[in-house]
There are 2 protein chains.
Amino acid sequence: MTARKPRIGQSRATLSDVAAHVGVSAITISRALNKPDLVSEALRQRIDEAVRLLGYVPNRAARALASTKSNSIVVLVPSLSNAVFVDTLAAVHDKLYPAGYQMLIGDTRYSPEQEEKLLRTYLEYNPDGILLTGFDQTPAAQQLLAASNIPTVHMMELDEGGRPCVGFSQFDSGYALTSLLLAKGYRRIAFLAAQLDPRTLRRGDGYRAALQQAGLYDASRELTEPNPSSVGMGGGLLARLLAQAPDCDAVFCNNDDLAVGVLFEAQRRGIRVPQDLAIAGFNNLDMSAWSNPAITTVATPRYATGSEAADMLLALMAGRQPASLKVDLGFELLARDST
Amino acid sequence: MTARKPRIGQSRATLSDVAAHVGVSAITISRALNKPDLVSEALRQRIDEAVRLLGYVPNRAARALASTKSNSIVVLVPSLSNAVFVDTLAAVHDKLYPAGYQMLIGDTRYSPEQEEKLLRTYLEYNPDGILLTGFDQTPAAQQLLAASNIPTVHMMELDEGGRPCVGFSQFDSGYALTSLLLAKGYRRIAFLAAQLDPRTLRRGDGYRAALQQAGLYDASRELTEPNPSSVGMGGGLLARLLAQAPDCDAVFCNNDDLAVGVLFEAQRRGIRVPQDLAIAGFNNLDMSAWSNPAITTVATPRYATGSEAADMLLALMAGRQPASLKVDLGFELLARDST
DNA sequence: CTGTTAGCGCCTTCAT
DNA sequence: ATGAAGGCGCTAACAG
């Protein structure tokens, strides 16, 4: 036998349905669910049972409307096919979910315009907080953010202007990896990249600075592609590179998948790694540790970035002042057999 | 015209703020935004300007509450670190976004319990539709779904019971790949898998059926790990396999990353591929096409699955009967040099 | 084409 | 520890 709801249609049970069932007022049900200590033990149990019986599911829209808190936070990343951002998202989720927040995930596909569109849409959800990747928001997006007055933390890069951020210096990492190659004696070092996003550009700046400082910079050794990086593209980039600068003795790949692709292509061409050509990657993706030879790379703090950014956001949302508004998580050079 | 209450605080502009500014009623603004043809050209322009001027952003919670339509759909996938699901998500987005729907993405981490939790939470958003992976929902989750009465489409597998679904036969694909190996003359074929989800199990069933049929099945050649698959794990699995069944002449890896890991480990051990050991993978991930040798695999319809599933959901949500409630997208065997 | 009247389901503020 | 009244911002259903 089913309890008949005095409501038309078969829309789901509401707070007052549960209230009617238990014989108390709606607000008491609300309290039992949200602030259990304010309701007596006995009542609470009866309420819980009624909730189960009626299959009551709270209506988030109503709650958000009435409380002006949505309990959801927007997270915008440039790509979901890059393990870097997936790991970061996982960390954010691990931190925010226990705190009662729902993630609204947006994939900007490396486009500030798309990011702006997503932001506009997600702002309609009245998010309590926002997590963005980098600082290359469109002016309109920046305005939206400013006007919304919603706590926002930027991930993956460091800001000089005081905006809350968690990441590491992209420039320094590019500089450091290039310096490592220089220290190992390589002199004709190429730079291969896909997806010219701001972080890639900044790593490239680091690469260039290191080489110029050593008097070894040669623009013909820098090669990029507009598409998302992949193993296949790594091979293609090496082919292009060898055509225009056949004397390279090392390549700095902006992502490990490119590096693995370069390795595969080198093998196909009978180029020995690292004897004829050294290969370095970036991001320390799983596969680069296991190839033959294993690939030198830069371990970047992706999980930690998500975790720290979520912490900072939690603080900001609670109105607390975070310990620091600029958290530099650093990076680690992993020298392996490919260099 | 109704009275506009001057709002306190700096909460953002509402419909009636815009209405007051323009000198019309709130509903007219609402219409100008949602059903522009119902509003005169001239008024619409003035409204658009006021919207821009005040930085008006609609409140989704209020709209959802008033219209009992949330314009969002829930998509639950087992993992975001598997390219398969990321591609599927991309397809769903490409289809649903233009139709005005927002995706609420949930990562179940291959756990039905986690899936149930996510479902419970996301149901609070009153989604207009639901996209799930596979059919292994917990009983409670199934009840929730049934009670919610929300159109739902299952992805990646095929159902016999009439539930809407888009995918391919996991069993057949496992059977077909194993048959290919048998046809090539391999006799001692191993099966390596991570993440024993229902799809993996079903592929394993196909593998087993093919071998049993040929009188060649040997349980000691089946190896699994509970953790998510990765290149590194592929190497580990090969090591374990060779310890307990050193005479294998082929391995069927449940995912391409495992296959690449097996290849790397084989190289390290001086095992020639495919002469000493043939390697086959699954899912046709980018890298498997470029390794040396390239890896035989099964191309699965991940983008198409998302796309078709979204179409079917769109039809269901519109109250239309989809052409078919069970769409079999098939799969393709890609024989390459590793076998 | 535009306006009025309600009320979506819940929570806030005050009461008891 | 529990309840009553009111309203969050928007749109459905009817006017006109």
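Everything here concerns the structure above.
These numbers were taken from a predicted model, which means no experiment stands behind them.

Trainee: Let's hear about the packing of aromatic side chains: which residues, and what values?
Mentor: Counted under the stated rule, the structure contains 17 aromatic pairs over all chains. For the ring pair Phe171 of chain B and Tyr175 of chain B, a centre distance of 6.3 Å and an interplane angle of 20° mean the geometry is stacked. Highlighted residues: Phe171 of chain B and Tyr175 of chain B, both in helix H8 (residues 170–183), separated by 4 residues, approximately one helical turn. Each member of the aromatic cluster is reached from another via a ring pair, and the members are Phe191, Tyr207, Tyr217, Phe252 and Phe282 of chain A. Between Arg203 of chain A and the ring centre of Phe282 of chain A, over which it is positioned, the NZ or CZ distance is 3.9 Å.

Trainee: Account for the protein's contact with DNA strand D, with residues named and values stated.
Mentor: Among the 25 residues in the neighbourhood of DNA strand D, the closest are listed as Thr28 and Arg31 of chain A together with Leu15, Ser30 and Tyr56 of chain B. Among the atoms of DNA strand D close to the protein, meaning within 4 Å, 67% are from sugar or phosphate groups. Within the backbone of Leu15 of chain B, one N or O atom sits 2.4 Å away from a phosphate oxygen of DNA strand D. Interatomic distance of 3.0 Å between a side-chain N/O atom of Asn34 of chain B and a phosphate oxygen of DNA strand D. Elements supplying a minimum of two residues to the surface near DNA strand D: helix H2 (26–34) and helix H4 (60–67) of chain A together with helix H2 (26–34) and helix H4 (60–67) of chain B. If you tally residues by element for the surface near DNA strand D, the top one is H4 of chain B, at 5 residues. Of the residues assigned to the surface near DNA strand D, the class counts are 14 nonpolar, 8 polar and 3 charged.

Trainee: Describe the protein's contact with DNA strand C, and please don't skip the residues or the numbers.
Mentor: Within the structure, DNA strand C sits among 28 residues, and Leu15, Ser30 and Tyr56 of chain A together with Thr28 and Arg31 of chain B are positioned closest to it. For DNA strand C, the backbone portion of the atoms within 4 Å of the protein, that is sugar and phosphate, comes to 68%. One of the side-chain N or O atoms of Asn34 of chain A is found 3.0 Å from a phosphate oxygen in DNA strand C. In the environment of DNA strand C, a phosphate oxygen lies 2.6 Å from a nitrogen or oxygen atom belonging to the side chain of Thr28 of chain B. Of all the elements in the fold, those that place two or more residues in the surface near DNA strand C are H2 and H4 of chain A together with H2 and H4 of chain B.

Trainee: An account of the pairing of strand E6 (residues 189–194) of chain A is requested, with residue identities and associated values reported.
Mentor: Residue and element names in this part refer to chain A. Burial runs high along E6: 6 of the 6 residues are buried. Side chains Ile189, Phe191 and Ala193 of E6 all project onto a buried face; the interleaved residues Ala190, Leu192 and Ala194 project onto the opposite face, where all are buried too. Sheet topology note: the E6/strand E8 (residues 250–253) ladder contains 4 bridges and is parallel. Directly across from Leu192, in E8, lies its bridge partner Cys253. Pairing of E6 with strand E7 (residues 222–225), which is carried by 4 bridges, proceeds in the parallel orientation. Looking at the pairing, Leu192 lines up with Leu223 of E7. For the crossover from E6 across helix H9 (residues 198–213) to E7, the handedness is right-handed.

Trainee: Would you mind going over the sheet that holds strand E5 (residues 165–167) of chain B in detail, with residue names and values included?
Mentor: All names here are of chain B. Ordered in space as E2-E1-E3-E4-E5-E11, the 6 strands form an open sheet in which the pairing is parallel. Each having just a single partner strand, strand E2 (102–107) and strand E11 (326–328) make up the two edges of the open sheet. If you compare each strand with its neighbour and ignore which way they point, the axes differ by 15° on average. The sheet contact formed by E5 and E11 spans 3 bridges and is parallel. Looking across to E11, one finds that Cys165 is bridged to Lys326.

Parameters at a glance
- Residues numbered from 1 in each chain as written.
- Chains lettered and ligands numbered in written order.
- Predicted model: local features only at pLDDT ≥ 70, side-chain atom pairs only at ≥ 80, totals over all residues.
- Heavy atoms only, no water.
- Phe/Tyr/Trp six-rings, centres within 6.5 Å; stacked < 30°, edge-to-face > 60°.
- Helix = DSSP H or I, 4+ residues; strand = E, 2+ residues; numbered from the N terminus.
- Lys NZ or Arg CZ within 6 Å of the ring centre and 35° of its normal.
- Near = heavy atom within 4 Å.
- Polar contact = N/O pair within 3.5 Å; in protein donor to acceptor, adjacent residues only side chain to side chain.
- Nonpolar A, V, L, I, M, F, W, Y, C, P; charged D, E, K, R; others polar.
- Buried < 20%, exposed > 50% of the residue type's maximum accessible area, 1.4 Å probe, protein only.
- Pairing = 2+ DSSP bridges.
- Right-handed = clockwise from strand over helix to strand, strands pointing away.
- Axes fitted to C-alpha atoms, helices over the stretch in contact; angles between N-to-C directions.

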